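Given next are the chains, with one letter for each unit.
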Amino acid sequence: MPIIPGSPATPEHPPRRRFAYLFIGILLALTGGFQNGFLLANTPALQGSMALTPVEGGWISVAFYSTYACMSMLLFRVRQEYGVQLFVRYAMAGLVGANVLQMFELGYEAELFARSISGIAASGLSALSAYYFMQGLPASARIAGLVLSIGIVQVSFPLARAISPALLVDGDVSPMFVLQFALSLLSFAAVYLLRLPPGYRVKIFERLDLPSFLLFMAGVTALIAFLVQGRIQWWDTPWLGWVLAIAIVGLGGCLLIEANRKTPMLNIRWLSSGAILSLAITGAGVRVLVSEQSFGATGLLSALGYNNDQLVPYYFILAGATIAGCILSILRLDPKDLKRPVLFAILVIAIAAFADIRTGVMTRPDNLYFTQALIAFAAVFAMGPIMMEGFVRALTAGPSYIVSFIAIFSLSQSVGGLAGVAALSAVHTIRLKTHLIDAGATLTATNAQLAAALRGASQVLAQTISDPALQQTAASAQIAREASREAAVLAFNDVFFLIGLLASIAFVAVLIPWLRHRIRGSNPLAAELAFLERMRGQTAK
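Residues numbered from 1 in each chain as written. Predicted model: local features only at pLDDT ≥ 70, side-chain atom pairs only at ≥ 80, totals over all residues. Heavy atoms only, no water.

Novice: Would you take a moment to explain the layout of surface pockets for this structure?
Specialist: Where empty space is left can be seen by rolling a probe of water-molecule size over the atoms. Considering only enclosed or pocket space, the second largest pocket measures out at about 650 Å³ in volume. For the second largest pocket, the lining is made up of 30 residues, of which S278, T282, K339, V510 and P513 are closest to its centre. Those elements giving two or more residues to the lining of the second largest pocket turn out to be α10 (274–303), α12 (339–355), α13 (369–397) and α16 (468–520). Considering each element in turn, the lining of the second largest pocket owes the most residues, nine residues, to α16. Across the lining of the second largest pocket, the residue classes break down as 17 nonpolar, seven polar and six charged. (1 Å grid on protein atoms, 1.4 Å probe; cavity = no way out; pocket = protein on both sides within 12 Å on 5 of 7 lines; lining within 4 Å. Points joined across faces, edges and corners; volume = space filled by probe spheres on them. Helix = DSSP H or I, 4+ residues; strand = E, 2+ residues; numbered from the N terminus. Nonpolar A, V, L, I, M, F, W, Y, C, P; charged D, E, K, R; others polar.)

Novice: When you look at the state of the cysteines in this model, what are you seeing that I'm missing?
Specialist: Should the sulfur atoms of two cysteines be covalently bonded, the bond is a disulfide. Counted by the stated rule, this structure contains zero disulfides. Just so you know, C70 is unpaired, no disulfide at all, and the nearest cysteine sulfur is the one on C254, 9.6 Å from it. (Disulfide = S-S within 2.5 Å.)

Novice: Can you help me understand the nonpolar core in this one?
Specialist: Here is a general trend for soluble globular proteins: nonpolar side chains tend to be buried in one another's company. Counting 125 residues, the largest nonpolar core has L128 and I224 as the members making the most contacts within it. Examining the composition of this core, we find that 14 residues originate from one element, α13, more than from any other. Apart from residues lying up to four places away in sequence, I224 is in contact with V62, Y65, S66, A69, V415 and L418. Core analysis: the next-biggest nonpolar cluster, separate from the first, contains ten residues, A29, L137, L148 and I152 among them. (Core = buried A, V, L, I, M, F, W, Y, C linked by side-chain atoms within 4.5 Å. Buried < 20%, exposed > 50% of the residue type's maximum accessible area, 1.4 Å probe, protein only. Contact = heavy atoms within 4.5 Å.)

Novice: Quick question: what am I supposed to make of the packing of α10 against α13 here?
Specialist: Angle between the axes and distance between the axes: these two values describe a pair of packed helices. Where α10 meets α13, the closest approach of the two axes is 10 Å, and the angle between their N-to-C directions is 160°. Taken together, α10 and α13 sit at an angle that is classed as roughly antiparallel. Here α10 runs over α13; the crossing is left-handed. Where α10 approaches α13, its residues A275, I276, L279, T282, G283, V286, V290, E292, Q293 and A297 are matched on the opposing element by Q372, I375, A376, A379, A382, M383, I386, E389, G390 and R393. (Axes fitted to C-alpha atoms, helices over the stretch in contact; angles between N-to-C directions. Parallel < 35°, antiparallel > 145°, perpendicular 65-115°, else oblique. Left-handed = near helix turned anticlockwise from the far one by under 90°.)

Novice: I keep staring at the pattern of salt bridges and nothing clicks. Help me out?
Specialist: With the rule as written, the count across this model stands at six salt bridges. With a closest N to O distance of 2.7 Å, R261 and D209 form a salt bridge. Taken together, the positions of R261 in the loop between α8 (238–259) and α9 (268–271) and D209 in helix α7 (residues 209–233) put the pair 52 residues apart, joining distant regions of the chain. The buried category is assigned to D209, whose relative accessible area is 4%. A salt bridge links R431 to D494; the nearest nitrogen and oxygen atoms lie 2.8 Å apart. Separated by 63 residues along the polypeptide, R431 in helix α14 (residues 401–442) and D494 in helix α16 bring together distant segments of the chain. The exposure class of R431 is partly exposed, given its relative accessible area of 31%. By relative accessible area, which is 24% here, D494 ends up partly exposed. Salt bridges linked by common partners bring D209, E258 and R261 together as one network. (Salt bridge = Lys/Arg side-chain N within 4 Å of Asp/Glu carboxyl O.)

Novice: When you look at the packing of helix α1 (residues 15–50) against helix α2 (residues 54–82) in this model, what are you seeing that I'm missing?
Specialist: For the pair α1 and α2, the least separation of the axes is 10 Å and the interaxial angle reads 165°. In terms of orientation, α1 lies roughly antiparallel with respect to α2. Taken as a pair, α1 and α2 cross one another with a handedness that is right-handed. Within the contact between the two elements, α1 uses Q35, N36, L39, L40, L46 and Q47 and α2 uses P54, G57, I60, S61, F64 and Y65. Looking at side-chain class alone, the contact of α1 with α2 contains seven nonpolar, five polar and no charged residues.

Below you can see the structure in the form of structure tokens.
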């Protein structure tokens with residue numbers, strides 16, 4: 001029987017069935033990851049197809065992330081109360097229903113609702129894929145199922161960008177929705193053909209769970225709305241202050257309820273301990289640093305005029321690097337030293353970010369292949385050990401603490417990623433204005449280089465424009481565009497430098513306690529690992 005209520009049993013399976021479980025695990029992870037991956041890759045196309053403003057497009061992201069970040073802890077308790085089979089049926093049915101709704105393109109409000117359901121289903125599929133991976137792995141390697149689940153979900157993001165140009169012919173988003181529906185239907189059939197072994201259930205829900213969760217969800221949704229819309233509408237928009245106040249009240253109310261419960265969903269004392277806070281900050285910090293890729297490199301290539309059609313090889317390389325990071329993370333996963341891979345990943349991010357400072361207006365996608373592959377590799381290589389440490393600490397404290405860990409881990413990953421993009425976007429905007437002001441100060445009538453550039457541009461334009469005045473106007477506009485593009489590139493270089501600096505600080509912050517334990521010859525997880533070993537021995541008997 002499983003150690004945790006609501007989890008499936010893990011009997012030994014014949015080789016062919018184990019292979020089938022692994023295949024279904026990959027399918028579920030990709031299906032869940034594509035729900036967010038296609039949204040990130042094709043938000044502009046979706047906005048164009050539905051005639052939406054950037055603000056309305058932002059609310060679609062809020063609808064997805066608000067449920068995706070919150071539902072993991074509630075779904076864990078649903079599995080404990082009602083069993084994994086009921087959870088599988090409703091999660092897959094919800095995903096198929098949401099994708100059907102999107103396929104018919106019923107309008108903006110229907111898309112918001114569908115994205116909310118997709119967020120719930122994608123959150124459930126992450127756990128479901130991990131369960132299937134564990135069924136397909138030998139007993140000694142089952143913990144690697146968690147790392148595999150995270151890794152394959154991360155692979156889906158660059159993979160979605162790589163295959164999107166083949167789907168969105170002439171800007172038509174219908175093939176994307178059809179593919180999502182086909183994958184969800186295939187996943188639905190797969191989990192029914194090969195079901196998870198049954199586990200055992202416990203009565204877990206209490207009356208205070210509902211108000212506590214509703215406050216938690218209201219607070220997280222408001223926080224996500226603040227981060228997403230603040231980046232789009234800018235941070236001095238008056239109503240954003242009220243949204244942030246709602247986030248504080250909602251999360252504060254949830255914490256107040258949980259702190260005074262005998263059997264809380266979120267154990268505040270455990271979550272506020274030094275080890276767990278450090279783990280959450282590290283996890284969120286890595287997500288912020290990885291925003292160098294999702295915002296920095298992607299934004300730089302967009303500013304230089306490249307679109308998804310021209311970046312297919314680039315995104316395939318990132319997908320390959322993510323797979324390599326996942327595999328190597330599993331091979332190097334050592335419970336006795338989980339900080340070493342995190343240190344290595346942060347160091348890799350710092351080196352890659354500092355290397356990207358050299359970019360200029362002549363930078364091409366192939367100039368970023370190596371550095372961005374390093375960051376894609378490091379993103380997954382660090383997440384496995386971080387999640388494993390939290391899971392070990394939670395399992396040792398007691399099965400009820402796993403809900404607390406799932407909540408803090410999901411929140412740190414989702415909100416950490418959004419906060420990273422929002423912060424870097426703000427830095428880029430501020431630095432862009434600075435560089436434009438500097439450029440404007442030098443582009444004066446007395447500038448000999450400017451005069452020469454205008455003459456050269458006018459001569460080129462003379463082949464198509466005969467009016468000298470129009471030639472001068474067009475040449476000036478061309479020079480202004482080139483100056484704006486140069487300023488944008490310089491601003492992205494500032495972002496890369498900031499990421500490199502933050503990664504260096506994070507490396508030192510993680511290195512010092514790791515060195516202290518190495519010098520003393522101690523393992524911070526020694527007690528937890530010994531307890532789990534005893535528990536495994538008792539379970540085997």
